[in-house]
Amino acid sequence: YLAQTQTTLNHYEQIFAGCFSAKSSQEYFEKTLTPEQLKYVTVVPLEVTSDSSVQAATATIEQWRVNESKKVPNRDLALTGLCMYHGIAYNGPAAYMPLDMYERQLQVNFLGFLRVIQNILPIMQTQASPRLPGRIVLTGTGGGPCSPCPPLLTAYMASKFATEAYCQSLRQELFMTKS
């Protein structure tokens, strides 16, 4: 979507698309984007439950910034945004759902956001400027404190409540530190 909405007022130097299935995502982008749009998109393999995968994706972004800044010195290449939308949902009666299903759901739906933010936020903070303030956007299904808790979705709703609480606290911390 970002690549398709490029204008002179809304221009991105590069969009890094962290994808669980990088190969199929690349194929999808090649079918849906024009060659001009595609040159602004770099597909990065990303498994949000893996520290090494998130670190590798972060290193890819940093390496691109280093390489591009060598081409044009004093060029402003700030990382201005982080948009994430991922998740899984297991359902079943709370009393009978295996603990590993709860753990997997928390790994993806909560700790996955946390893991990526902890790797990317320092980059955004070190290059923050009034002209290019960074933004973090996490999206989901809306499950969490603002929705009723339906039966059979206890693991899913627990992961969404955790994500919502984290986001609210993070927002306040960033506001307090002017990050």
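K.L.:
Summarise the nonpolar core; cite the residues concerned and give the values.
P.N.:
L82, V116, I117 and I120 are the most contacted members of the largest nonpolar core, which has 21 residues in total. Only α3 (51–71), β3 (81–84), α4 (99–126) and α5 (154–176) provide two or more residues apiece to this core. Here this core takes 9 residues from α4, the largest share from any one element. Counting residues in hydrophobic clusters, the runner-up holds 8 residues, among them A17, C19, A22 and F29.

K.L.:
Pulling in residues and values, what's your account of the packing of α4 against α5?
P.N.:
Relative to each other, α4 and α5 sit at 20 degrees, their axes nearing to 7 Å. On the basis of their axis angle, the class for α4 and α5 is roughly parallel. Handedness of the crossing formed by α4 with α5: right-handed. On α5, the residues that touch Y102, Q105, L106, N109, F110, F113, L114, I117, L121 and Q125 of α4 are T154, A155, Y156, A158, S159, K160, A162, T163, Y166, L170 and L174. Broken down by class, the residue content of the contact of α4 with α5 amounts to 14 nonpolar, 6 polar and 1 charged.

K.L.:
Help me get a handle on the packing of aromatic side chains, residues and values and all.
P.N.:
Here the structure, examined in full by the defined rule, presents 3 aromatic pairs. For the pair F16 and W64, a centre-to-centre distance of 5.7 Å together with 75 degrees between the ring planes defines the contact as edge-to-face. Placement of F16 in strand β1 (residues 15–19) and of W64 in helix α3 is noted, with a sequence separation of 48 residues between them. The class for W64 is buried, based on a relative accessible area of 18%.

Rules and cut-offs
Residues numbered from 1 in each chain as written. Predicted model: local features only at pLDDT ≥ 70, side-chain atom pairs only at ≥ 80, totals over all residues. Heavy atoms only, no water. Core = buried A, V, L, I, M, F, W, Y, C linked by side-chain atoms within 4.5 Å. Buried < 20%, exposed > 50% of the residue type's maximum accessible area, 1.4 Å probe, protein only. Helix = DSSP H or I, 4+ residues; strand = E, 2+ residues; numbered from the N terminus. Axes fitted to C-alpha atoms, helices over the stretch in contact; angles between N-to-C directions. Parallel < 35°, antiparallel > 145°, perpendicular 65-115°, else oblique. Left-handed = near helix turned anticlockwise from the far one by under 90°. Contact = heavy atoms within 4.5 Å. Nonpolar A, V, L, I, M, F, W, Y, C, P; charged D, E, K, R; others polar. Phe/Tyr/Trp six-rings, centres within 6.5 Å; stacked < 30°, edge-to-face > 60°.

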